[in-house]
Structure formats: C-alpha cells, structure tokens
Amino acid sequence: EAQVTQNPRYLITVTGKKLTVTCSQNMNHEYMSWYRQDPGLGLRQIYYSMNVEVTDKGDVPEGYKVSRKEKRNFPLILESPSPNQTSLYFCASSPSGFYNSPLHFGNGTRLTVT
Amino acid sequence: AQTVTQSQPEMSVQEAETVTLSCTYDTSESDYYLFWYKQPPSRQMILVIRQEAYKQQNATENRFSVNFQKAAKSFSLKISDSQLGDAAMYFCAYRVGETSGSRLTFGEGTQLTVNP
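Residues numbered from 1 in each chain as written. Chains lettered and ligands numbered in written order. Predicted model: local features only at pLDDT ≥ 70, side-chain atom pairs only at ≥ 80, totals over all residues. Heavy atoms only, no water.

Draft legend 1. Main features of the overall build of chain B. Counting its regular elements, chain B contains zero helices and twelve strands. Counting from the amino terminus, helix and strand elements in chain B follow one another as β-β-β-β-β-β-β-β-β-β-β-β. On C-alpha atoms alone, chain B measures out to a radius of gyration of 14 Å, which is about the 13 Å that the 2.2 N^0.38 rule sets for 116 residues. The C-alpha extent of chain B, read off along each of the three principal axes, is 45 × 30 × 20 Å. A sequence separation of at least 24 residues applies to 55% of the contacts in chain B between residues at least 6 apart. (Helix = DSSP H or I, 4+ residues; strand = E, 2+ residues; numbered from the N terminus. Rg over C-alpha atoms; globule rule 2.2 N^0.38 Å. Contact = heavy atoms within 4.5 Å.)

Structural data, given as structure tokens:
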C-alpha cells in the first residue's frame, strides 16, 4: 500500500531532551516536507526537500533540523525541544516539487513538550 | 505575504442539505494549484478536490465542487447532499512552484458539523 509512515504517533517529552520523529514513504517521491498544525493557524511548513541531500527552510524552521540521506526517509529532529514546539506534526510527500502534485500526508505525530 | 483566509471557523449543515465553505487567498505567483483537504477526527489529511489556476472551469468530484474566481482570488467549496461522514475540519490551500519551495500554504481551517 502506497503510504507515508510517521512514528511515533504520540510523544511526550521534557524540555531539552533531543528527539527524532521518523518519516518514510514507499512511493519513490522526490519531494518531502514537514508541517506543524496549531489551532487557528492551519498547517505551516517547517522544512522541505526537493530530493536526496537537498533540503531547505520553510516558514517556521527555528528549533528544527532535517536530513535527507535516502530518498524514502526524511526525519525531523528537535535538538532541544521547548514547550512552544508542542504541536501536531505531519510529514508529506509528492512525486515532484511541481505545483500540480498534491501532497500525500502521514497520519501525524502529536508531540507534547513539558 | 502569501496567505490563505478561511473566514468561517465553524459551520454546520443538516444532513442531505448543501453547504459552502469560503476561502480567499493571496499570492503573487501566476502559476499555482488550489486544494481542499479534509481532516476527520482521525486527523488524517485527505485530498478532497483540486483546481488548476489557469483553468476557468470549476472542478467537481462527486458531491464536492468548487467556485473558483481567479480575479477575486476566491476558492469556495460546495458540499451537496451532506452526509454524516463529511463532518471534519476542512482546509483550503494553494501550492506554488519550485522557485518558492513548492510549499502548500494552508488556511486556518473550517470545522464542519453535520446534524442528523
């Protein structure tokens, strides 16, 4: 089944403890990105990747890191999480960065930082 | 700034009736696509319908259709014969090309309730 898989689905952590949210897609998509969803703000892009080894900042990149060593994987790293990073996170992918490609989303990761 | 505005935080509709969700956007790009996504309580993001900005004909997908007014930068979603399963948060979004990061810019969302 074609899908974007995120793990974990729920994560509770404490301030400053490094964490990684994994994302993997099995559709051979070139484009991958991370979004965070907050009430009243919709979804905002954190980072994106046009292809392997090519990543760039989105609208809200502060406090996050990403890497794209393989085409299928695009982990999101929080080196020192803070409470303002408590949010619902989505990984998404599309065949290319062309604007007519709809994004396929993972099922989300609910992160709570205390 | 490139933005999407959904002016109705909440809407409700009776089962089998029709409802329209509004969306306006602002972008300086000439080429883009518009999308409506549905997010049920499972929080999965599901593509409902999409519209090419250079096409004047409004897109339709079964009970879902859009009213696209490019000059007014308006992109409303009409749901006909509403069903209980349509209850969800609906997000309007547009996607621009690679020169702008290919980002999907979302509105704030409209929570739709369907009453039996």
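Anyway, onward from the coordinates.
Draft legend 2. Spatial organisation of the packing of aromatic side chains. Taken as a whole, this structure holds 16 aromatic pairs over all chains when the rule is applied. Geometrically, the ring pair formed by Tyr64(A) and Tyr89(A) is edge-to-face, given 5.8 Å between the ring centres and 65° between the ring planes. Here Tyr64(A) is found in the loop between β6 (54–57) and β7 (65–66), whereas its partner Tyr89(A) is found in strand β9 (residues 87–94), with 25 residues between them in sequence. The exposure class of Tyr64(A) is buried, given its relative accessible area of 5%. On the accessibility criterion, Tyr89(A) (1% relative accessible area) is buried. Summarising the aromatic geometry, the rings of Phe105(A) and Phe106(B) are spaced 6.2 Å apart at their centres and angled 70° between planes, so their arrangement reads as edge-to-face. Placement of Phe105(A) in strand β10 (residues 104–105) and of Phe106(B) in strand β11 (residues 104–106) is noted, with the two residues assigned to different chains. Pair check on accessibility: Phe105(A) and Phe106(B) agree, each one buried. One cation-aromatic arrangement involves Arg43(B) over Tyr10(A); the distance from NZ or CZ to the ring centre is 4.8 Å. One Lys or Arg, Arg95(B), reaches over the ring of Tyr31(A) and ends 4.5 Å from the middle of that ring. (Phe/Tyr/Trp six-rings, centres within 6.5 Å; stacked < 30°, edge-to-face > 60°. Buried < 20%, exposed > 50% of the residue type's maximum accessible area, 1.4 Å probe, protein only. Lys NZ or Arg CZ within 6 Å of the ring centre and 35° of its normal.)

Draft legend 3. Representation of the pairing of strand β8 (residues 64–69) of chain B. All names here are of chain B. Inspection of the sheet shows strand β7 (residues 60–61) paired to β8 by two bridges, in the antiparallel sense. Bridge pairing in β8 links Glu61 to Phe64. Turn length for the β7-β8 hairpin, with the two strands adjacent in sequence and antiparallel, is two residues, and the turn residue Asn62 shows positive phi of about 55°. Alignment of β8 against strand β9 (residues 74–79), held across six bridges, turns out to be antiparallel. Counted as the bridge partner of Gln69 is Ser74 from β9. (Pairing = 2+ DSSP bridges.)

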